[in-house]
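Next come the chains, spelled out residue by residue.
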Amino acid sequence: LEKWLDSIYGKSTYANFEVIIIEHHSERQEPVDFYEEQSLRHGNLKVVTYEGGFNYSAINNFGVRHASGDYLLFLNNDIEIITPGWMEELLGFCQRKGTGAVGGKLYYPDNTVQHAGVVIGLSGFAGHVLTGRRRSDVGYFGRLKAIQDVSAVTAACMMVKRSSFEAVGGFDEDFQVSLNDVDLCMKIRKRGELIVLNPNMEAYHYESKTRGLETTPEKQERFKKEILRFRKKWKETLKAGDPYYSPNLTRVTGDCTLRGRHEVSKVWESLFPGKKED
């Protein structure tokens, strides 16, 4: 969290913002002392406490109720900003008429790509494209360098117009951990607004540094339920295919190689053995 805050205040050249930290069940005194220290240090920072169980959607909806701005920037605590002027890179597109949300380009600590947009239909639901590529790579037809419209971006770093967020009812709290950000983007697109990826805004994402990965049977079961719910909710969209991704490219992985026959069914079978794909 300290690295997160230092990068925000150290790299931001746009000054008209507030920082809202959502405290959730810290078990030690150190975070509480840190909050107090940072609140005294930064006049535009406040801490609010969420008391319920872990639900990413509910926590962020709670945070929005304490925000005063016209633009909402969702930012995980495992993000470290790289780009000076990063906020302007997001705001410049988000304030355009017809744009609902904007995301940036995120890297793993080893300078490989973690996020450069979400493709609907990957692995039978949704996935990041061109992950693992070098930071310097141009990507498929310049996809890693071009400012572009996409179907969705990750809420690890996503700016949303408040009016758009409220119009679609915010995050769907039935998606407790996964796919809530993709679902939000889909709802925004459904009302006719665009989702933009701006790779000129760069940051490190120490993915799942706080919560850990989906490795326990309980977490994996919850993840599968969220996949099934997403597929049911956006069945027609999945059937039509991602409008920003060629139908000739693979939907098994996000490496933009050519598509093979029956490949999505193979992914489905690996996730849900013996269950027929709907």
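Residues numbered from 1 in each chain as written. Predicted model: local features only at pLDDT ≥ 70, side-chain atom pairs only at ≥ 80, totals over all residues. Heavy atoms only, no water.

Participant: Quick one: what's the story with the overall build of the chain, residue by residue and with numbers?
Facilitator: Helix and strand content of the chain: nine helices and 11 strands. Against the 2.2 N^0.38 benchmark of 19 Å for 278 residues, the chain shows a C-alpha radius of gyration of 19 Å, consistent with a compact globule. In terms of overall dimensions, the chain has a C-alpha envelope of 60 × 40 × 40 Å along the principal axes. Counting the 278 residues in the chain, one finds 49% classified as buried. By element, 50% of the accessible surface of the chain is carried by carbon and sulfur atoms, the whole surface being about 13800 Å². In the chain, 38 positive and 38 negative side-chain charges are present, and the distance between their average locations comes to 8 Å. (Helix = DSSP H or I, 4+ residues; strand = E, 2+ residues; numbered from the N terminus. Rg over C-alpha atoms; globule rule 2.2 N^0.38 Å. Buried < 20%, exposed > 50% of the residue type's maximum accessible area, 1.4 Å probe, protein only. Areas by Shrake-Rupley, 256 points an atom, 1.4 Å probe, with all protein chains shown as cover. Lys, Arg positive; Asp, Glu negative; His and termini not counted. Charge placed at Lys NZ, Arg CZ, Asp CG, Glu CD.)

Participant: Could you give an account of the packing of aromatic side chains, naming the residues involved and the relevant values?
Facilitator: What the rule picks out here adds up to 11 aromatic pairs. Centre to centre, the rings of Tyr140 and Phe141 are 4.9 Å apart; their planes meet at 65°, and the pair counts as edge-to-face. In this structure Tyr140 comes out as partly exposed when scored by relative accessible area, which is 33%. Ring geometry for Phe175 against Phe230: centres 6.5 Å apart, planes inclined by 70°, an arrangement best described as edge-to-face. Taken as a pair, Phe175 in the loop between helix 5 (162-167) and helix 6 (180-190) and Phe230 in helix 7 (residues 217-233) lie far apart in primary sequence, 55 residues in all. Overall, the relative accessible area of 0% leaves Phe230 in the buried class. An aromatic cluster of at least three residues, connected via ring pairs, comprises Tyr56, Phe74, Phe165 and Phe171. Its guanidinium or amino end placed over the ring of Phe175, Arg229 lies 4.7 Å from that ring's centre, counting from NZ or CZ. (Phe/Tyr/Trp six-rings, centres within 6.5 Å; stacked < 30°, edge-to-face > 60°. Lys NZ or Arg CZ within 6 Å of the ring centre and 35° of its normal.)

Participant: Break down helix 6 for me, citing the residues and quoting the values.
Facilitator: Of all 11 residues making up helix 6, nine are buried, and the element is well covered by its neighbours. Listed as buried for helix 6 are Asn180, Asp181, Val182, Asp183, Leu184, Cys185, Met186, Lys187 and Ile188. Downstream of helix 6 by one or two residues, Gly192 has phi in the positive range, about 95°.

Participant: Provide a residue-level description of helix 4 (residues 86-94), including the pertinent values.
Facilitator: Restricting attention to buried positions, one finds in helix 4 the residues Trp86, Met87, Leu90, Leu91 and Cys94. All buried residues of helix 4 lie within an arc of 120° about the axis, which places them on one face of the element. (Arc of directions from axis to C-beta.)

Participant: Pulling in residues and values, what's your account of the nonpolar core?
Facilitator: Counting 52 residues, the largest nonpolar core has Met158, Val182 and Phe230 as its most contacted members. Secondary-structure elements contributing two or more residues to this core are helix 3 (56-64), strand 3 (71-75), strand 5 (99-107), strand 7 (118-120), strand 10 (157-161), helix 6, strand 11 (194-205) and helix 7. In this view, Phe230 contacts Ile120, Phe125, Ala126, Phe175, Leu179, Val182, Asp183, Met186 and Leu238; residues no more than four positions away in its chain are not counted. Among the nonpolar cores identified, the runner-up in size contains 25 residues, and Ile8, Ile79, Met159 and Ala203 belong to it. (Core = buried A, V, L, I, M, F, W, Y, C linked by side-chain atoms within 4.5 Å. Contact = heavy atoms within 4.5 Å.)

Participant: How would you sum up the side chain of Gln114? Please name residues and give values.
Facilitator: The residue Gln114 is located in strand 6 (residues 113-115) in this model. At 3.1 Å, the side chain of Gln114 and the side chain of His205 are in polar contact. Leave out the neighbours within four places in its chain, and Gln114 touches Leu106, Tyr107, Tyr108, His128, Thr131, His205 and Glu207. (Polar contact = N/O pair within 3.5 Å; in protein donor to acceptor, adjacent residues only side chain to side chain.)

Participant: Describe in detail the pattern of salt bridges, supporting the description with residues and values.
Facilitator: Applying the stated rule across the entire model yields 12 salt bridges. One salt bridge in this structure joins Arg191 and Glu193, with 2.9 Å as the shortest N-O distance. The class of Glu193 is buried, set by a relative accessible area of 14%. When salt bridges with common partners are traced through the structure, they connect Asp172, Asp174, Asp183, Lys187, Arg229 and Lys233 into a single cluster. (Salt bridge = Lys/Arg side-chain N within 4 Å of Asp/Glu carboxyl O.)

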